[in-house]
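Now for the letters of each chain:
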Amino acid sequence: MSKVFIAFQLNEDTRPIIEAVLADNPHAVANESPAMVKIDAEGELVIKRESIEELIGRDFDLQELQINLITISGHLDEDDDQFKLSWLN
């Protein structure tokens, strides 16, 4: 399997997003740098709107991820409910 990753700016807006991603993807590993967090995962990484909403206490549009997104690696498949990175085989 190949690894995928997503990197976010590290700030107050992204902390609950990172927490939700790690909770929904127990195989993922967060690597924190001074100004960013890179989350690596073997195979796939799924970011669920519902999980983020539970942590922030409001509606969340997954397009809001773009504001603090630095980079991604993997094939992106997204809809209103989830943002999924994987490598197509």
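Residues numbered from 1 in each chain as written. Predicted model: local features only at pLDDT ≥ 70, side-chain atom pairs only at ≥ 80, totals over all residues. Heavy atoms only, no water.

(A) Structural view of the packing of aromatic side chains. Under the definition given, this model contains 0 aromatic pairs. Directly above the ring of Phe5 sits Lys38, whose terminal nitrogen or CZ lies 4.4 Å from the centroid. (Phe/Tyr/Trp six-rings, centres within 6.5 Å; stacked < 30°, edge-to-face > 60°. Lys NZ or Arg CZ within 6 Å of the ring centre and 35° of its normal.)

(B) Expanded view of the environment of Asp81. Structurally, Asp81 can be placed in the loop between β6 (75-78) and β7 (82-86). Taking relative accessible area as the criterion, Asp81 reaches 44% and is therefore assigned partly exposed. In sequence terms Asp81 and Ser51 are 30 residues apart; their C-alpha atoms lie 9.8 Å from each other. There is a polar contact of 2.6 Å between the side chain of Asp81 and the side chain of Arg49. (Helix = DSSP H or I, 4+ residues; strand = E, 2+ residues; numbered from the N terminus. Buried < 20%, exposed > 50% of the residue type's maximum accessible area, 1.4 Å probe, protein only. Polar contact = N/O pair within 3.5 Å; in protein donor to acceptor, adjacent residues only side chain to side chain.)

(C) Region of interest: the sheet that holds β7. Ordered by their spatial adjacency, 3 strands build an open sheet running β4-β7-β6, and the pairing between neighbours is antiparallel. Both outer strands of the open sheet, β4 (44-48) and β6, are each paired with one neighbouring strand and no more. Shown here is a sheet whose adjacent strand axes are inclined to one another by a mean of 15 degrees, direction ignored. For β6 and β7, the ladder comprises 4 bridges, and the chain directions are antiparallel. Its bridge partner being in β7, Asp77 is matched across the sheet by Lys84. (Pairing = 2+ DSSP bridges. Axes fitted to C-alpha atoms, helices over the stretch in contact; angles between N-to-C directions.)

(D) Geometry of the pairing of strand β2 (residues 29-32). Bridge count between β2 and strand β3 (residues 36-42): 4 bridges; the pairing is antiparallel. Counterpart to Val29 in the pairing with β3 is Asp40. Count of turn residues in the β2/β3 antiparallel hairpin: 3 residues.

(E) Geometry of the pattern of salt bridges. For the structure on display, the rule yields 6 salt bridges. Among the ionic pairs, Arg15 bridges to Glu12, the shortest N-O distance being 3.0 Å. Its relative accessible area of 41% is what places Arg15 among the partly exposed residues. Of the residues examined, Glu12 reaches a relative accessible area of 59% and is grouped as exposed. The partner of Arg58 in a salt bridge is Glu64, and the shortest N-O contact between them spans 2.9 Å. Accessibility expressed as a relative area gives 25% for Glu64, which makes it partly exposed. Within the structure, one salt-bridge network assembled from shared partners comprises Arg49, Glu53 and Asp81. (Salt bridge = Lys/Arg side-chain N within 4 Å of Asp/Glu carboxyl O.)

Spatial relationships are all this shows, so hold off on functional conclusions.
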